[in-house]
Structures are given as structure tokens and as C-alpha cells.
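Single-letter residue listing:
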Amino acid sequence: MSLGPGTPLPLVPVDRSGVRHGSRSYLTCAFRCGNACDHPEPNRSGNPHIADEIARAVGRRSVLRGAAVGGGALVLGVGGSGSLAAAATSPSRNGRGHGHGRGDSLANADFEPVAPNTRDDVVVPRGYESDVVMRWGDPVVAGAPRFDPYRQSVAAAEKQFGFNCDYVGVLPLPGRSAVLVVNHEYTSPTAMFPAGVYEDAERIAIEMANHGMSVVTLEEHRGSWRAERGRRAWRNRRIHDRTEFRLDGPAAGDPRLRTSADRTGRRVLGTFNNCAGGTTPWGTVLSGEENFNQYFGSSGDLDARYADEYARYGISGGTARGWQDVDERFDLTAEPHEPHRFGWVVEVDPYDPSSTPVKHTMLGRFKHEGANVTLSRDGRAVAYMGDDERGDYLYRFVSQERFAGGRGRKARRHNQQLLSKGTLYVARLTGDGTDDDEYDGTGRWIPLCSDRRSFVEGMSVADVLIFTRLAADKVTPTRMDRPEDVEPNPVNGRVYAALTNNSQRGSTFPPDEANPITSSQVRANPAAPLTTASGNRNGYVLELAPRRGDHTDDRFTWELFLVCGDPEAPETHFGGVDKDRVSPISCPDNVAFDSTGNLWVSTDGNALGGNDGVFRVPVDGPDRGRVECFLTVPKGAEACGPLITDRDRNLWVAVQHPGEVDGSSFDSPASTWPHTDDFPRPSVVVNHRR
Ligand code: FEO
Ligand code: CA
Ligand code: CA
């Protein structure tokens, strides 16, 4: 269909009838996860509900002279490798003396928390500033044209920073440089295209190319960071819908992964709906393919062989995106196996732009939020993962092989195969009763399969890996309230999981001790009174403690560290700290740690009426649970990332979908952030002391 100039842009219809994610707009729900909340929850199993080594390893890499990384707390751009180990292994004691001569550490900074607000800006405390590093449309690879929203093309999008930035990884390079790796989760046609300029097929192809990931070389500049240009940016890369991936691990080559374009079942084009991720101890980036189901339509009947499997993954063929009309591989009737090639964790080597990125079948297939790897005491790689759906599960992977130290190519090659062999587990959490006034208990990691052997009756290894949700259903894990980021704290060794919300806890989903809230206090705006809403609207942060501190141990204890919401609401809990001392927080989504072990949490879908934000939370000591808002994002936006680097000097945040408010469009925007144009542009920012 072509549109004449001035014709209102119909794009795709937005369903306004269903359940929302917290206070998310109808636009966000439609375009980000395909209105997942409106579909029957795919999990109908009836189960109970519910690094320092990193621094050294990356630092050892020959090209990484003089920089180090540790569990989300990176040190970038320092001069010599001697100072590096110290920087990476010494937690900050205070806000001073980190070699910078100023009180610029965010770990211990005494800032005035940002109050709930609805401003169209990134708001940080007095004394701090926020710099935009990369915007949608900015050039990434050589030959990228200047961004012009009226002259978008597939060729341009494949060279420019994609839409809706999400995960942020920053890895060290020699000197005062770094490499930024960012996911581009999804596209919002209403926000991207002026009315009357693009035909549907062209618009859809541009949207496809705006998905994927970007790799961007950065240089430190006057205490902040900016993109490098020219020859020094030779690592830059755009991974998009036509980038070839290699399927790896036990299920690679399975007949159910083969299509007419790939008879091997080992080569896939593109990665979609990449949400969160993690930086590995060996200096690669993992990225989770989340709501991939929404990209598949159908021209006729669905393959009856996969009726149960499609249903469990929310694959119905009913999609408003229309991709199947542009590329037949998204037509389930023509290519019933294509959706099986998405829903994986992908691994990208940002240091080698010619490398073929990998989809790891050993980590299972579900709506992967992300994956965060730590090393066990005996050197095995342990990945923690969440399946972001109401009533879905927490997962863990333990590698068979051990991490290889050293800088050489051999070690690097070895480490990049650690996620190919090992054992995949799902979590069961048991409460110890609420008489102790704590939501806590014990838990167990239940094995699903190793690379050689299935532990699920009636399912092969490939069955378990390709249809992990169905395998997990059979071993009675705990159905959780939308598990998002799950990340080990490199300082205290405990694991923190964001459980964002579940409006149907207490109705469709019976409560249990790990998912106890069935009624929540919410606000329509920051000044409005608290009102009662059904279900868990504000989310939790769950803390897991592996037995004996061993990430390979199958037993753990757990506690709901934060029951989020307004501190005035009786159901909230903030690690036991006095509620007068905390900021309101709602819908935790992504987590990170600074070098002292403080948790940093970003939110998505604030049900308290204000903009989303990023919060600092000590996890030990007298301030354990003291939530303080450091930053809020503009109107309609979600705060993604976050990441703390440079000896706790910098906080990186991806500002996703600014202005995604119902009724808004490119021509009638609800936001103009970052205020460089008269329309909003999703962007990555770095925040630091002024
Ligand atoms: Fe893309 Fe689970 O958030
Ligand atoms: Ca208890
Ligand atoms: Ca997320």
C-alpha cells in the first residue's frame, strides 16, 4: 500500500483492549512484546508459582593493555596494567582517592535523590551531568549517511545506530578508548516514520534493519565519552536482520532448526528483540532474544506438529507487524521452523568485527531477558538467566569445561566454547513460612539436560533445548513474576534477580512465599493519592545465596530483598531499612553492580505515576536496602542498561522509547528528548560528576 503525502500514517493497529505492563503505554506493549500480557499466559503447567577474575581475564588480552573489567564495574582507560589489577580488586572505600583526586565515585557519593517527576529530560542530582553518547541514526560503520528521518533506507539503517537501545556493555581498549556494545530491542513505527513518506514494505524492511546490535569504538573526552571516527573505529559493527549467525551446541543442526534457506540448521540470519545481556569474563557480549514470537505471521494454517510448542511460546501467527508479507521466512505457514531459530542467547566478540556471532543452544530457548556469567571457584562458567513472562522461570547453566587464563588466542578460542557444553537447570523456590515476617526460604537448581543427557522424561537433549519451557514445566519449578535480569554480585557472591511485576498474581497465578503480593498500591501521577490495584504491580528484587558461596552448588537460600513500591505502602519492604530513607521504586528490570557491590537497578513501567529511573541500593551493612533514585529518564521512556564503569565514575544508561505515550507519533511527539531534533531519539547516555 502506498500513502499519499498528508495521509495519516496507519502503520499497524494498536490494540487498546488488554492488560498493561504496569503503567506502560499501549504503544510500548504493542511494539515491544506484541501485547504479551493480553495473551493467555503461555505457562499453563500448573507448577508452583514462583569478578574479579573477569577483570584479570579481559585485561590479559594482549590488545587490552591497561584496562580491566569486573562484573559490571569496569575500569577503563587507565595507564598501566599494574594499576589495573588494584583498581579491579579493591572496592572503593569512599568517594575520594580513586586516583582522580575528586569525590567522583558514584558508589559512595552523597547525592540528593531525584524526586519522582514527569519531566522530558534525563534528570540527575545536583552536581552531576548526563552526556548523550549515541543516538538512533548516528553513524556506526564507515559510509553511514547523515541521519534523515524523511530519507531512511535499509542501506542507511544497516550502517547507523539502530532503534530502541537496550543492553549496554562497555569493554576496555588500550589507552583512553573503549568499545560500546548495545542491543536494539524493537521498533516503534509510529515513532520512527513521518506520515505519508514510506510504503509499507519499505517501512517494514527499514524496521527489520533497525533491530540487532551496534558495536561502537569510544574515546574518553574531557571526563566523558564520545564515539571515535575514522580509522580508529575499525572495530565498529552493525549486527542486523541480515547478519549471519552460527547455531552452536547440542541442538545445532536439528531437523527442527532447518528451513528452506538453511538446510543445515546451523546458519541463521539476524537476531531480534535483544533485550538485556552480559559481558563475559573472556571479553565477549551475551544478548538475550526476548519477545521474538511477535515477528511471525501466517498466510494459512500453522503446522499441527508444533501446536503445543507454538502455544507455550506465544507463537500464534497473529501479528500486526506484517513481516511475513515482506520476507517469507516470517510466514509460519511457509517456514514452520524459522521461529525455532530465535529465543536464544547470542554471543558476540566485539573485538573482532569479522567474527561470526553465535547462538548458543546449550543455554536453552525461551524469552531470554539476558545472561550474566560468573566463574565458580573451580573455574567453570556459570550463567544466570530469566525468562521474562508472567509465571515463567529462573535458569542457570554450569559449563563442563573450565575457564582458561592467559592472553593467547588459544585461551580465547577455548573460552568462547564454554557455553557449548555443560548442564542447564531451572529454579524451584520453597518458602519457610511467613511467621518469621520474612519472604524467604530455600531453593534448588533442577537439572534439565547436559550436552549429552536429558534429565526430563520423554524428551531428548534437543527437545529440552529447543522447547525448554515445556521441559521445565515437567520438573515443577517455581512460576515467577516475570524474571528479568539475573546477575551475580561480584563482591558478596549473592545473585540478584529483578522480578518486574505480574498484574495477575492472586488471580490466574496463586501467590506463594516467593511471589506473595496480590494487591498493590499505585499512583496515577507523582502527586496523586495511592490507590489499590490487583496483583503485583511494583515488582521485587530477589536475592539468592548459593550454598557455601559456590555457584555450582544445586542448593541456595533466597529472600525478597526489595518488595518495591511507594514506601508509604504497607506491602513494601526495603531490606529492613527505615522506609523514611528510601525513594519510591516500581518495576525493577535491569541490574548492575559498582565496585563496592552496591546494586544499581533500572525500572520499566513505573506504576507510581512518575518517569522510570535508575536507583542505587546498598546490599550489605546498615544501609542495606536503602533505595535512592540517582536518575530519571524522559517522558514515555524506559531506563535500560545500566552499567557502572571507570572506578565507579560513570553510569551508562540506554534511554529506550522516549515519548512512547499513547496518542503520540513522529509528527505529534510526546517528547523531543534528547532535544537535538523535533522528534525523540532513543539514545545511550553516560552520567558523571560535573
Ligand atoms: Fe525487554 Fe524483559 O524486558
Ligand atoms: Ca519466611
Ligand atoms: Ca528488560
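What counts, and at which threshold
Residues numbered from 1 in each chain as written. Chains lettered and ligands numbered in written order. Predicted model: local features only at pLDDT ≥ 70, side-chain atom pairs only at ≥ 80, totals over all residues. Heavy atoms only, no water. Salt bridge = Lys/Arg side-chain N within 4 Å of Asp/Glu carboxyl O. Helix = DSSP H or I, 4+ residues; strand = E, 2+ residues; numbered from the N terminus. Buried < 20%, exposed > 50% of the residue type's maximum accessible area, 1.4 Å probe, protein only. Donors = N, O, S within 2.8 Å, 3.2 Å for Na, K, Ca; no water. Pairing = 2+ DSSP bridges. Axes fitted to C-alpha atoms, helices over the stretch in contact; angles between N-to-C directions. Tetrahedral: all angles 85-135°; square planar, octahedral: opposite > 155°, others 65-115°. pLDDT = per-residue confidence, 0-100. Contact = heavy atoms within 4.5 Å. Phe/Tyr/Trp six-rings, centres within 6.5 Å; stacked < 30°, edge-to-face > 60°. Patch = residues over 30% accessible without salt bridge, like charges linked within 9 Å, V, L, I, M, F, W, Y side chains within 5 Å. Areas by Shrake-Rupley, 256 points an atom, 1.4 Å probe, with all protein chains shown as cover. Lys, Arg positive; Asp, Glu negative; His and termini not counted. Charge placed at Lys NZ, Arg CZ, Asp CG, Glu CD.

## Focus on the pattern of salt bridges
Now for step 1: Taken as a whole, this structure holds 48 salt bridges when the rule is applied.
Now for step 2: One salt bridge connects Asp387 with Arg469, and the closest N-O pair in it is separated by 2.8 Å. Taken together, the residues Asp387 in the loop between β14 (380-386) and β15 (390-392) and Arg469 in helix α10 (residues 468-473) connect sequence positions 82 residues apart.
Now for step 3: Taking the relative accessible area as the measure of exposure, Asp387 reaches 0% and is therefore buried.
Now for step 4: Here Arg547 ties to Asp553 by a salt bridge, and the two come within 3.2 Å at their closest N and O atoms.
Now for step 5: The class for Arg547 is partly exposed, based on a relative accessible area of 36%.
Now for step 6: Residue classification places Asp553 among the buried positions, given a relative accessible area of 11%.

## Description of the coordination of the calcium ion (ligand 2)
Now for step 1: Those donors, Asp432 (OD), Gly433 (O), Asp436 (OD), Asp436 (OD), Glu438 (O), Asp440 (OD) and Glu513 (OE), are the protein atoms that reach the calcium ion (ligand 2), and they lie 2.3 to 2.8 Å from it.
Now for step 2: Counting residues between consecutive donors of the calcium ion (ligand 2) along the chain gives the motif D-G-x2-D-x1-E-x1-D-x72-E.
Now for step 3: By relative accessible area, Asp440 is classed as buried at 15%.

## What about the sheet that holds strand β8 (residues 267-269)?
Now for step 1: A sheet is described by the order of its strands in space; here six strands give the open sequence β8-β7-β12-β11-β10-β9, paired in mixed fashion. Each end of this open sheet is capped by a strand with a single partner; those strands are β8 and β9 (274-279). For this sheet, the mean angle separating the axes of adjacent strands, direction not counted, is 30 degrees.
Now for step 2: Sheet topology places strand β10 (residues 285-289) next to strand β11 (residues 345-348); four bridges connect them, and they run antiparallel. Across the sheet, the residue bridging to Leu286 is Glu347, located in β11.

## Notes on the coordination of the calcium ion (ligand 3)
Now for step 1: Note on the calcium ion (ligand 3): its protein donors are Cys275 (SG), Glu369 (OE), Glu484 (OE), Asp589 (OD) and Asp589 (OD). The metal-donor distances range over 2.2 to 3.1 Å.
Now for step 2: For the calcium ion (ligand 3), the six donor atoms are set out with angles of 47 to 160 degrees between them, so the coordination reads as irregular.
Now for step 3: Here the donor residues of the calcium ion (ligand 3) share one chain and are spaced in sequence as C-x93-E-x114-E-x104-D. You can see Glu369 sitting in the loop between β12 (358-360) and β13 (372-375) and its partner Asp589 sitting in strand β27 (residues 588-593), a full 220 residues away along the chain. Accessibility classification places Glu369 together with Asp589 in one group, the buried group.

## As for the confidence of the model for the protein
Now for step 1: Per-residue confidence for the protein averages 90 on the pLDDT scale, and 87% of its residues sit at or above 70.
Now for step 2: Within the protein, no element has a lower average pLDDT than helix α3 (residues 81-89), which sits at 26, and none a higher one than helix α9 (residues 461-466), at 99.
Now for step 3: Across residues 1-13, where pLDDT falls below 50, the model places 28 contacts with residues more than four positions away in sequence or in other chains.
Now for step 4: Here residues 60-102 scores under 50 on pLDDT; set against residues more than four positions off or in separate chains, the count is 116 contacts.

## Quick notes on the sheet that holds strand β33 (residues 683-689)
Now for step 1: If you trace the four strands from one edge of the open sheet to the other, you get β1-β33-β32-β31, paired in antiparallel fashion. Every interior strand has two partners, whereas the edge strands, β1 (128-135) and β31 (638-645), have only one. Adjacent strand axes in the sheet meet at a mean angle of 25 degrees when their direction is disregarded.
Now for step 2: Looking at chain direction, β1 and β33 are connected through seven bridges and run antiparallel. By the bridge assignment, Asp131 is partnered in β33 with Val686.

## A word on the packing of aromatic side chains
Here the distance between the centres and the angle between the planes together describe a pair of aromatic rings.
Now for step 1: Per the counting criterion, the structure on display carries 28 aromatic pairs.
Now for step 2: Arranged with centres 6.5 Å apart and planes meeting at 35 degrees, the rings of Tyr306 and Phe467 form a pair that is tilted. With Tyr306 in the loop between β10 and α7 (307-312) and Phe467 in the loop between α9 and α10, this pair connects stretches of sequence that are 161 residues apart. Residue Tyr306 shares its accessibility class with Phe467, and that shared class is buried.
Now for step 3: Relative to Tyr395, the ring of Tyr393 has its centre 6.4 Å away and its plane inclined at 65 degrees; by these criteria the two rings are edge-to-face. Of the two residues examined, Tyr393 and Tyr395, each falls in the buried class.

## Let's talk about unusual backbone geometry
Now for step 1: The step from Trp673 to Pro674 runs through a cis peptide bond, and the omega angle for that step is 10 degrees.
Now for step 2: Along the polypeptide, Pro674 turns up in the loop between β32 (650-656) and β33.
Now for step 3: Non-glycine residue Asp646 carries a positive phi angle of around 55 degrees.
Now for step 4: Of note, Asp646 is situated in the loop between β31 and β32.
Now for step 5: Of note, the phi angle at His657 is positive, near 40 degrees, even though the residue is not glycine.
Now for step 6: Structurally, the position occupied by His657 is in the loop between β32 and β33.

## Topic: the pairing of β13
Now for step 1: Burial along β13 is two-sided: the face carrying Asn372 and Thr374 and the face carrying Val373 and Leu375 are both buried.
Now for step 2: The sheet contact formed by β13 and β14 spans four bridges and is antiparallel. When the bridges of β14 are listed, Thr374 appears paired with Val382.

## Some words on a negative patch on the surface
Now for step 1: Together, Asp432, Asp435, Asp436 and Asp437 line one region of the surface with negative charge.
Now for step 2: The exposed category is assigned to Asp435, whose relative accessible area is 80%.

## Notes on the pairing of strand β17 (residues 422-431)
Now for step 1: Here β17 lies mainly inside the structure; seven of its ten residues are buried.
Now for step 2: Sheet analysis places strand β16 (residues 394-402) next to β17, joined by five bridges and oriented antiparallel. Following the sheet pairing, Ser399 is matched in β17 by Gly422.
Now for step 3: Relative to strand β18 (residues 440-450), β17 runs antiparallel, the two sharing nine bridges. Bridge pairing in β18 links Leu424 to Cys449.

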